[in-house]
Amino acid sequence: MNDSPGCPLTDVVAAYMPRLSEFSFEPALVAAVDQHAAAVCDALVPAPPRGPEKRTLRREELADYVLGFTDRLSEAEWTEPVGHDFATLHLTAVCWLVREHDLLDA
């Protein structure tokens, strides 16, 4: 998963972005991906102390996070299952964040 040079987000988006199309068929998937996206944001960007200020997610930070996450998956010799497990939900959430924050064009 980390074999190509450049931004690791590109590989993840290529592999997992198509899973976002499943949202219209599986409402529970939307909720699960939303929870994973929130966890990624919480890990990278602290919530503002007050108010509904929007958190800014930076491409570099998300790319570093994805690199560490996919390295751990490789070390564990993880293989993508049919369906959804923690890792696929997490990587799908990364794709959602990339799309929502327009991070590949950044």
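Up top is the structure.
What counts and what doesn't
- Each chain has its residues counted from 1, running along the sequence as written.
- Residues qualify for local features only when their pLDDT is at least 70, as the model is predicted, and side-chain atom pairs are given and counted only at 80 or more; totals for whole chains, interfaces and linings, by contrast, use all residues.
- Here the side-chain values reflect all heavy atoms present in the structure, with hydrogen atoms and water set aside.
- Should a side-chain nitrogen of Lys or Arg be within 4 Å of a carboxyl oxygen of Asp or Glu, the pair is scored as a salt bridge.
- For the purposes of this entry, the term helix denotes a DSSP run of H or I that reaches at least four residues, the term strand denotes a run of E that reaches at least two, and both are numbered from the N terminus.
- Accessibility here uses a 1.4 Å probe with only protein chains present; expressed as a share of the type maximum, an area under 20% marks a residue as buried, one over 50% as exposed, and anything in between as partly exposed.
- For the purposes of this section, nonpolar cores are sets of buried Ala, Val, Leu, Ile, Met, Phe, Trp, Tyr and Cys residues that join through side-chain atoms within 4.5 Å.
- Only heavy atoms matter for contacts: two residues are in contact if any of them lie within 4.5 Å across the pair.

A.B. asks: Which parts of the structure should I look at to understand the pattern of salt bridges?
C.D. replies: Close approach of charged atoms allows side chains of opposite charge to pair. Evaluation of the coordinates by the stated rule reveals 4 salt bridges. Residue Glu80 pairs with Arg19 through a salt bridge whose shortest N-O separation is 2.6 Å. Linking Glu80 in the loop between α3 (59–75) and α4 (86–100) with Arg19 in the loop between α1 (8–16) and α2 (27–44), this pair joins segments that are 61 residues apart in sequence. Arg99 is the salt-bridge partner of Glu100, the closest N and O atoms lying 3.2 Å from each other. For Glu100, a relative accessible area of 42% puts it in the partly exposed group. We classify Arg99 as partly exposed; its relative accessible area is 43%. If you follow the salt bridges from partner to partner, you end up with Arg58, Glu60 and Glu61 in one network.

A.B. asks: Sorry if this is basic, but what is going on with the nonpolar core here?
C.D. replies: Among soluble globular proteins, nonpolar side chains are generally buried collectively. Formed by 31 residues in total, the largest nonpolar core has its most connected members in Leu9, Leu57 and Leu62. The dominant element in this core, judged by the number of residues it contributes, is α4, at 8 residues. Apart from residues no more than four positions distant in its own chain, Leu62 is found in contact with Leu9, Val40, Leu44, Leu57, Val94, Leu97, Val98 and Leu103.

Function-wise, these values are silent; they only describe arrangement.
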